[in-house]
Amino acid sequence: VQLQASGGGLVQAGDSLRLSCAASGRTFRGYAVAWFRQASGKEREFVAATRRSGAGTLYEDSVKGRFTISRDNAKNTVYLQMNGLKPEDTAVYYCAAGSRVITSSLPTMAAYDYWGQGTLVTVSS
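Residues numbered from 1 in each chain as written. Predicted model: local features only at pLDDT ≥ 70, side-chain atom pairs only at ≥ 80, totals over all residues. Heavy atoms only, no water.

## Details of the environment of Gly65
Within the secondary structure layout, Gly65 lies in the loop between β6 (57-59) and β7 (67-72). For Gly65, a relative accessible area of 86% gives the class exposed. Taking the C-alpha atoms as reference points, Gly65 and Met82, separated by 17 residues in sequence, lie 9.6 Å from one another. (Helix = DSSP H or I, 4+ residues; strand = E, 2+ residues; numbered from the N terminus. Buried < 20%, exposed > 50% of the residue type's maximum accessible area, 1.4 Å probe, protein only.)

What follows is the structure in structure tokens.
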């Protein structure tokens, strides 16, 4: 599975962005998909995930109520809608996919087999 993340950019605090993660080579349908982010000088951290079935989602506490992860299996794409962006959301955002991710491992980087190249989100104050 090849993943292509896109949609990043430079925005002001309070603005919105929608990131996309498009898969090629295999359908997304059987994969859990997550977004992680890495700010400059910091470790990569979990942001949000959607289960293989698409029936459930998980969010990191700081993005709850602001970010929404969704998937369109017909388009083989997972989205991260980001509203109310804050300067601390500035990071490179990566999407990841895994076919054997159990619920308790959704926030764990090692659970994912495939990674996209990252897209930069910069939020100015």
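## Topic: the nonpolar core
Grouped together as the largest cluster of nonpolar side chains are 28 residues, with contacts concentrated most on Phe28, Trp35, Leu80, Met82 and Tyr93. Contributions of two or more residues to this core are made by β1 (2-6), β3 (17-24), β4 (32-38), β5 (45-50), β7, β8 (77-82), β9 (91-98) and β11 (119-124). Setting aside chain neighbours within four positions, we find Tyr93 in contact with Ala5, Leu19, Trp35, Phe36, Arg37, Val47, Phe67, Leu80, Met82, Gly118, Thr119 and Val121. (Core = buried A, V, L, I, M, F, W, Y, C linked by side-chain atoms within 4.5 Å. Contact = heavy atoms within 4.5 Å.)

## As for the pairing of β3
Pairing analysis gives five bridges linking β1 to β3, with the strands arranged antiparallel. Within the sheet, the bridge partner assigned to Ser6 lies in β3 and is Ser20. Summarising the sheet, β3 and β8 pair through six bridges and their orientation is antiparallel. From the neighbouring strand, Arg18 faces β8, where its bridge partner is Gln81. (Pairing = 2+ DSSP bridges.)

## A few points about the side chain of Arg71
Within the secondary structure, Arg71 sits in strand β7. Buried charge Arg71 goes without a salt bridge, the closest partner of opposite sign being Asp72 at 8.7 Å. Within the local environment of Arg71, its side chain forms a polar contact with the backbone oxygen of Phe28, the two atoms lying 2.7 Å apart. A distance of 2.7 Å separates the side chain of Arg71 from the backbone oxygen of Arg51, its partner in a polar contact. (Lys, Arg positive; Asp, Glu negative; His and termini not counted. Salt bridge = Lys/Arg side-chain N within 4 Å of Asp/Glu carboxyl O. Polar contact = N/O pair within 3.5 Å; in protein donor to acceptor, adjacent residues only side chain to side chain.)

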